[in-house]
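Overview (structure and organization)
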Amino acid sequence: MKLSETKRIAREHTSSVCSLSIDTLNYRYLLSAGADTSVQLFDLDLYAQNSNGVRKIESAQHISRGSGHKRMISSIEWYPVDNGMFSTASYDHTLRVWDTSEMTEACQFDFECRVHNHKMSPTGAHALVAAASESAYVRLCDLRTGAFAQSLMVSQAGTNAVAWSPTHPSVLVSGGNDGIPKLWDIRQTRSHLLDFGADTLHAHEGGLNGLLFTEDGQRLISTGADPHVYVWDVDTPKSPITDVACNSGQPNSGSRTTGCGAVSSCEMALTAAVDGTIGLEVLFRPCGDTTVSATDITSGRQLALLDGHFAPTICAAWRPGHKELYTSGADSNILICENHMPHK
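Residues numbered from 1 in each chain as written. Predicted model: local features only at pLDDT ≥ 70, side-chain atom pairs only at ≥ 80, totals over all residues. Heavy atoms only, no water.

1. Quick word on the overall build of the protein
Helix and strand counts for the protein stand at 0 helices and 31 strands. Each of the 344 residues in the protein was classed as buried or not, and the buried ones make up 58%. Contacts in the protein between residues far apart in sequence, at least 24 positions, make up 49% of those at least 6 positions apart. Just so you have it, the protein exposes about 13,600 Å², and 46% of that area is on carbon and sulfur atoms. (Helix = DSSP H or I, 4+ residues; strand = E, 2+ residues; numbered from the N terminus. Buried < 20%, exposed > 50% of the residue type's maximum accessible area, 1.4 Å probe, protein only. Contact = heavy atoms within 4.5 Å. Areas by Shrake-Rupley, 256 points an atom, 1.4 Å probe, with all protein chains shown as cover.)

In structure tokens form, the structure reads like this:
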């Protein structure tokens, strides 16, 4: 993969871009948010052509700095089954739901601590938003009632990341500063079902900060402040099946400050792509320096190392059907990379 020579995203943010989300209905609309508290919405098919033949994509709609959240926005998510709504979580102790057409707030959930990350079920089977925060609980916010539906006791050390199964609407995984992914069935809230790596020493040192299910829901990917990127079989989670180490060629910078907080206390956004053309299932992972690694999930082989940012990378978002990867970081830029990875 390499940086696009024909398209670029206008620089609309003034500080670190901490979260990206591409809609899952048309794969056309990109949301971005971060430390400057603004939200930008880009129509990826709407652009102007400059004299050099480069197509520039500018923000189509936005929420101005300070008019919504008052502190850094840590994560942003499209509603999976309707582009008319999206949600944001913030260090201002709130999670907010927004009307896309008006870019106005529709609902707010108040926490008593920073909210690190939130996720909606990709199945669309329910209206629950799982929120990871500094508290000992993962809170489930019900969009239908505007109230908290459940609280899952996770860890006194707090939670940094959550992920819903793409195939089982009630199955959720959480991860925090104890470094251990925990599997939940929200129909059984007294305790989590199991710890990944319970019989081994595969907890992420320094805390876990990223979780991602593969498209088939059979494998879970976890990353932390250490160099390890574990791939787990959900049915046999005693030990990871692969360690997809992030090899950036630079010293490990897992705890490096990104402008979005230390990596260990802010989700390191992962994204994956199943590309029939190249025949690989690929994980894209920000490495905590200026690079993003592209790795074959099955073999652990690094396919590419993408570099182009001037400060640590934080996010990666894949655009299915277009072979485009969008990355962002502490330099306030959003870059577009195009797929030129080798075949199997």
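2. Quick look at the sheet that holds strand β17 (residues 159–164)
Overall, antiparallel pairing links the 4 strands, which are arranged β17-β18-β19-β20 in an open sheet. The open sheet is flanked by β17 and β20 (194–195), the only strands paired with a single partner. Strand direction decides the pairing type here: strand β18 (residues 171–176) and strand β19 (residues 182–185), joined by 4 bridges, are antiparallel. Counterpart to valine 171 in the pairing with β19 is aspartate 185. (Pairing = 2+ DSSP bridges.)

3. Some remarks on the confidence of the model for the protein
Chain-level pLDDT for the protein is 86 on average; 88% of the residues reach the 70-or-more range. Under a pLDDT of 50 for its full length, residues 249–268 has, in the predicted model, 62 contacts with residues more than four places off or in other chains. (pLDDT = per-residue confidence, 0-100.)

4. Focus: the pattern of salt bridges
This model, assessed by the stated rule, comprises 16 salt bridges. For the salt bridge of lysine 7 with glutamate 324, the shortest nitrogen-to-oxygen distance reads 2.3 Å. Of the two residues, lysine 7 is situated in strand β2 (residues 7–9) and glutamate 324 in strand β30 (residues 324–329); the sequence distance between them amounts to 317 residues. Both residues of the pair, lysine 7 and glutamate 324, count as buried. By sharing partners, the salt bridges in this structure join Lys7, Arg28, Asp43, Asp45, Arg319 and Glu324 into a single network. (Salt bridge = Lys/Arg side-chain N within 4 Å of Asp/Glu carboxyl O.)

5. Brief notes about the nonpolar core
Counting 17 residues, the largest nonpolar core has Ile9, Leu20, Leu30, Phe42, Leu44, Tyr326 and Ile334 as its most contacted members. For this core, the secondary-structure elements that each account for two or more residues are β3 (17–22), β29 (313–319) and β31 (334–338). Per-element tally for this core: the top contributor is β3, with 4 residues. The contacts of leucine 20, once residues within four sequence positions are left out, are Leu30, Leu31, Ser32, Ile76, Cys315, Ala317, Tyr326, Thr327, Ser328 and Ile334. Core analysis: the next-biggest nonpolar cluster, separate from the first, contains 14 residues, Val97, Cys107, Ala131 and Cys141 among them. (Core = buried A, V, L, I, M, F, W, Y, C linked by side-chain atoms within 4.5 Å.)

6. Overview of the side chain of serine 75
For serine 75, the position within the fold is in strand β9 (residues 73–78). Serine 75 sits in the buried class, given a relative accessible area of 1%. A distance of 2.5 Å separates the side chain of serine 75 from the side chain of histidine 118, its partner in a polar contact. Other than its neighbours up to four places away in sequence, serine 75 contacts Ser19, Ser87, Thr88, Ala89, His116, Asn117 and His118. (Polar contact = N/O pair within 3.5 Å; in protein donor to acceptor, adjacent residues only side chain to side chain.)

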